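So the chains spell out like this:
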Amino acid sequence: MVKATIVQAVNMAMDQELKRDKNVVVMGEDIGVNGGVFRATDGLQKKYGKDRVIDTPLSEEAIVGTAIGMAVNGLRPVVEIQFSGFIYAAFDQLFSHAARIRNRSRGRFTVPLVVRAPAGGGIRALELHCEQGEAFFAHAVGLKMVIPSTPYDAKGLLAAAIRDPDPVIFYEPMRLYRAIKEEVPEKEYTIPLGKARIAREGADLTIITYGAMVKQTLQAVEKIQDKVSAEVIDLRTIYPFDSDAIINSVKKTGRAIVVHEAPKTAGFGAEIIATINEKALLSLEAPVARVTGYDTALPFARTELNYIPSEERIINAINKVMSF
């Protein structure tokens with residue numbers, strides 16, 4: 001076991017999979033010699049060589065398109081997009097090709113591709129760097145969407161994503177890259193995709209969240225633990241998401257809140273609420289609340305934190321739902 005941050009755990013997962021499987025390759029802008037913008041790939045090119053840890057030209061569409069071809073032909077590319085806001089340049093490649101090749105070929109070909117990207121606000125980056133657009137990819141049938149919230153999960157989920165036969169979008173909460181340290185096994189392990197975890201058990205209220213908002217939610221719940229026993233579910237995988245974990249918890253508590261950083265309208269929280277209404281409506285004692293980002297672009301540094309759901313906003317939602 002070693003004490004590791006999320007960015008170190010991500011590096012450990014890639015190191016593990018490069019060593020385990022000669023078909024795994026890592027590629028992206030400045031990921032080789034420089035080790036990536038956040039140093040997530042630091043040391044990997046020196047260890048595995050330029051043929052397996054590949055510095056690419058500055059073109060997200062070309063990087064992902066090339067990786068899809070590599071994946072169809074038997075390799076397992078792990079692509080880094082420098083910031084999540086740059087991934088939209090490759091959306092056509094992901095939506096029209098990576099997500100559809102299994103169906104288009106009637107199962108003859110798969111695309112074992114992982115596209116990693118640091119995501120979310122709170123680091124005072126520039127425009128288009130910190131988008132939190134998980135709902136786009138959850139809607140693309142054929143793609144899987146994963147967002148870890150802890151170092152332990154980051155390593156296990158990324159290893160599972162690399163081994164998966166289908167394309168996975170892997171958002172890493174960059175606000176937490178070095179904000180959390182915990183024990184991470186040095187030995188190989190994976191965490192199944194599509195399986196949520198109970199980050200905190202409770203009896204009065206269920207809060208469903210993921211990514212950077214897990215830490216924010218747990219801090220908010222800690223402040224009112226004497227008044228409300230809140231259960232916090234960390235989805236881990238956005239698609240396919242663990243609906244059983246959500247429904248079982250809501251049936252136990254009777255109340256629910258969804259917290260995510262992305263904009264409210266058509267955000268993934270809406271899908272979670274629809275699922276609760278379909279499968280646990282008669283268990284609800286109050287309408288399900290949402291605490292989200294706003295329907296605007298993520299603002300620049302000075303007002304950035306006003307956009308991200310705060311502990312205060314989460315606590316206000318808890319009080320509203322509990323007093324209904």
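So, a few notes on the structure that sits alongside this text. (Residues numbered from 1 in each chain as written. Predicted model: local features only at pLDDT ≥ 70, side-chain atom pairs only at ≥ 80, totals over all residues. Heavy atoms only, no water.)

**So, the overall build of the protein**
Helices and strands together make up the secondary structure of the protein, namely 12 helices and 14 strands. Dimensions of the protein along its principal axes, counting C-alpha atoms only, are 60 × 40 × 40 Å. Buried residues in the protein amount to 57% of all 324 residues. Taking all contacts inside the protein whose residues are at least 6 apart in sequence as the whole, residues at least 24 apart take part in 81%. Distance between charge centres in the protein, computed from 40 positive and 39 negative side chains, equals 3 Å. (Helix = DSSP H or I, 4+ residues; strand = E, 2+ residues; numbered from the N terminus. Buried < 20%, exposed > 50% of the residue type's maximum accessible area, 1.4 Å probe, protein only. Contact = heavy atoms within 4.5 Å. Lys, Arg positive; Asp, Glu negative; His and termini not counted. Charge placed at Lys NZ, Arg CZ, Asp CG, Glu CD.)

**Examining the packing of helix α8 (residues 212–223) against helix α12 (residues 311–322)**
Where α8 contacts α12, the axes come no closer than 9 Å and their chain directions differ by 60°. The orientation of α8 relative to α12 falls into the category oblique. As α8 packs across α12, the resulting crossing turns out to be right-handed. Contact with α8, carried on its side by Met213, Gln216, Thr217, Gln219, Ala220, Val221 and Lys223, involves Glu311, Ile314, Ile315 and Ile318 of α12 and no other residues of that element. Of the residues contributing to the contact of α8 with α12, the split by class is six nonpolar, three polar and two charged. (Axes fitted to C-alpha atoms, helices over the stretch in contact; angles between N-to-C directions. Parallel < 35°, antiparallel > 145°, perpendicular 65-115°, else oblique. Left-handed = near helix turned anticlockwise from the far one by under 90°. Nonpolar A, V, L, I, M, F, W, Y, C, P; charged D, E, K, R; others polar.)

**With respect to the sheet that holds strand β11 (residues 230–234)**
One open sheet holds the five strands; their spatial order is β9-β11-β10-β13-β14, and the pairing between them is mixed. If you trace the sheet from one side to the other, it starts and ends with β9 (197–200) and β14 (289–293), each paired once. Across the sheet, the mean angle separating the axes of adjacent strands is 25° when strand polarity is ignored. Across three bridges, the pairing between strand β10 (residues 205–209) and strand β13 (residues 256–263) is parallel. Each residue of the ladder has a partner; that of isoleucine 208, found in β13, is valine 258. (Pairing = 2+ DSSP bridges.)

**Let's talk about helix α3 (residues 60–72)**
The end-to-end C-alpha distance of α3, which contains 13 residues, comes to 18 Å, matching closely the 18 Å that a straight helix rising 1.5 Å per residue would cover. Three or more residues of α3 are buried, namely Glu60, Ile63, Val64, Ala67, Ile68, Met70 and Ala71. Seen along its axis, α3 keeps its buried residues to an arc of 165°; they face one direction. The elements touched by buried residues of α3 are β2 (24–28), β4 (76–80), α4 (91–98) and α5 (101–104). (Expected span 1.5 Å × (residues − 1). Arc of directions from axis to C-beta.)

**Structural notes on empty space enclosed by the protein**
Tallied over the full model, the rule gives one cavity of 30 Å³ or more. By volume, the largest cavity amounts to about 70 Å³. The wall of the largest cavity is formed by Ala119, Gln132, Ile147, Tyr171, Pro173, Tyr210, Gly211, Ala212, Met213, Glu261 and Ala262. (1 Å grid on protein atoms, 1.4 Å probe; cavity = no way out; pocket = protein on both sides within 12 Å on 5 of 7 lines; lining within 4 Å. Points joined across faces, edges and corners; volume = space filled by probe spheres on them.)

**Brief notes about the packing of aromatic side chains**
Applying the stated criterion to the full structure yields 11 aromatic pairs. Aromatic side chains phenylalanine 38 and phenylalanine 83 sit 5.6 Å apart centroid to centroid with 70° between the ring planes, which places their arrangement in the edge-to-face category. With phenylalanine 38 in the loop between β2 and α2 (44–48) and phenylalanine 83 in the loop between β4 and α4, this pair connects stretches of sequence that are 45 residues apart. A relative accessible area of 17% means that phenylalanine 38 is categorised as buried. For the ring pair tyrosine 88 and phenylalanine 136, a centre distance of 5.7 Å and an interplane angle of 75° mean the geometry is edge-to-face. Of this pair, tyrosine 88 sits in the loop between β4 and α4 while phenylalanine 136 sits in helix α6 (residues 134–138), and the two are 48 residues apart along the sequence. Tyrosine 88 sits in the partly exposed class, given a relative accessible area of 28%. On the accessibility criterion, phenylalanine 136 (48% relative accessible area) is partly exposed. Put simply, the rings of Tyr88, Phe91, Phe95, Phe136, Phe137 and Tyr171 touch in pairs and so form one group of aromatic residues. (Phe/Tyr/Trp six-rings, centres within 6.5 Å; stacked < 30°, edge-to-face > 60°.)

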